[in-house]
Each structure stands twice: as structure tokens, then as C-alpha cells.
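Below, each chain spelled out in residue letters.
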Amino acid sequence: MSGCLTLPFRILGCLGLIILCAAGWLYRDRALAFVHRVTAPRSTISVSEGHPTDTGARRALDKIDSLNAWHADSVVLTASEMASVIGAGLDPVFRNQIDSLRVTLEDRRISVEGSLVTSKIPKSVLGPLGEMVGDRSHLSAGGVVELAEPGRAVWIVDRLSLGNFPFPKATIPRVLERALGASASEVPFSVPHGISAVRIRPTGVTLFGTTRP
């Protein structure tokens, strides 16, 4: 008698197991992707992103000094050290308008994000966008860095957005010219002397000294 009573439950259990197996087979790709996301080692963001700090600036200067004093061929700056160099080298007026500056190292490129104090920027610079932004807006930009001359580098911006508005690439030079007095999409910043070339990778920025062959 008890076997008859439990038979429907056993049948339902078997059906549930069959359905579960079938669902697992049909959605095996999603399941594998989920398992991979959970078990895959997480990348260390700190090797590619950094914020300017006083400590980072001191370490960067110590490394750069070794290019001259110790005649080293090259030194490698971390993302935080490079962020400190950029932050210290920007025009003070422009630097004071950016909070929470973050620098991301990419392959031959540098991206910068921060909170821009748009209330200090004349509405004429932003054009029609000036009526759409508040006192602060998220700034995001990216481009390559080149050494223009001893003691001076340029950040050639080819991607720029303010808030949720991405500027068309063709308009970036005009925006930078009106905002910074820059031209040809170049944002200048000062760098210590003794650097002859720059190579950017996600793991660090290699600075080559003047003794480089």
C-alpha cells in the first residue's frame, strides 16, 4: 500500500531530474560561462589604473632622477606614479577643475576620468551642451602620449565625453582649443627633463633616458 502512495512522488522526482538534466544541457554554454566568471582569477586592476598621490609623485621623480644620476637606460612607472606625473604637470587652472582624477593605462594609450567642475567653465566653451550639464559632470577622455620636446609632453586626445554626451571626434580639437587654448587635440603637460621616449603598456609606462641608443 505504501508503495502505491509513494509511486507518484517517485515519478515526479524522476521527471524533475530529467527536466533538470535537459535544462542543463540546453543552457550548458551559459552555465559554463557562469562557472568561468566565478572561478577565473580576477585581474589586478591596480596595475592598470591609478590616482595621483604625493607618494606616487615622489616615487616617480626618484625613478626619473635615476635616468640622469645613475645613467639608467629606462625606468617603469606604475599607473599611480604616471597619474601623479600627469596631475602635477597639467596646467594648474585646468587641474583645479578636476576632482577624483583617475588614469588608466592601455596599449600605447592613456585614458583619464574625473569629476569636472563645469560651473567654472564659461558656457560659451561648452556651447549648447552648457545648458544640459550641472555644476559637475563626469569627464572621460583617451588618447596617445608623445614627448614633444625635453620637459614637455602632449596627450593627443581622440576620445572625449562629458556626462552622457560623447563629442564627435572631429569636434574635439575645437572643444579643447576653446577650453584649454590647446590645438590639434593636444593637451600639453610638463615632464621632468632627462626623458627621451615614452612607451605605454597596461602594466606600466616605460620612460627611456637620454642615454638610450
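To be clear, the structure that these remarks concern was listed above.
Note that this is a predicted model, so its numbers are computed, not measured. (Residues numbered from 1 in each chain as written. Predicted model: local features only at pLDDT ≥ 70, side-chain atom pairs only at ≥ 80, totals over all residues. Heavy atoms only, no water.)

**Examining the sheet that holds strand β9 (residues 195-201)**
Threshold: Should DSSP find at least two bridges between two strands, the strands are regarded as paired. Numbered from the N terminus, helices here are DSSP runs of H or I no shorter than four residues, and strands are runs of E no shorter than two. Lines fitted to C-alpha atoms define the axes here, with helix axes fitted over just the stretch in contact, and angles between the N-to-C directions of these axes take values from 0 to 180 degrees. The contact definition used throughout considers only heavy atoms, calling two residues in contact when any of these lie within 4.5 Å.
The strand order β2-β10-β9 describes an open sheet built from three strands, whose pairing is antiparallel. Every interior strand has two partners, whereas the edge strands, β2 (74-77) and β9, have only one. Each adjacent strand pair in this sheet contributes to an overall mean axis angle of 20°, direction not counted. As defined by bridge partners, β9 adjoins strand β10 (residues 204-209) across six bridges and the pair is classed as antiparallel. Residue pairing in the sheet places Ala 197 in a bridge with Phe 208 of β10. Contacting β2 and β10, helix α4 (residues 79-89) crosses the sheet at an angle of about 95° to β2.

**Digging into unusual backbone geometry**
The test is simple: Remark: exposure states derive from per-residue accessible area (1.4 Å probe, protein chains only) relative to the maximum for the residue type, with buried under 20%, exposed over 50%, and partly exposed in between.
Positive phi values are uncommon outside glycine, yet Ser 100 reaches one of about 55°. Residue classification places Ser 100 among the exposed residues on the basis of a relative accessible area of 61%. A positive phi angle, close to 70°, is found at Arg 108, a residue other than glycine. Relative to the helices and strands, Arg 108 is located in the loop between β3 (98-105) and β4 (110-117).

**Focus: the side chain of Ser 137**
Within the secondary structure layout, Ser 137 lies in strand β5 (residues 136-149). On the basis of relative accessible area, Ser 137 is assigned to the buried category, the value being 9%. When residues no more than four places from it in sequence are discounted, the contact partners of Ser 137 are Gly 114, Ser 115, Leu 116, Thr 118, Leu 162 and Gly 163.

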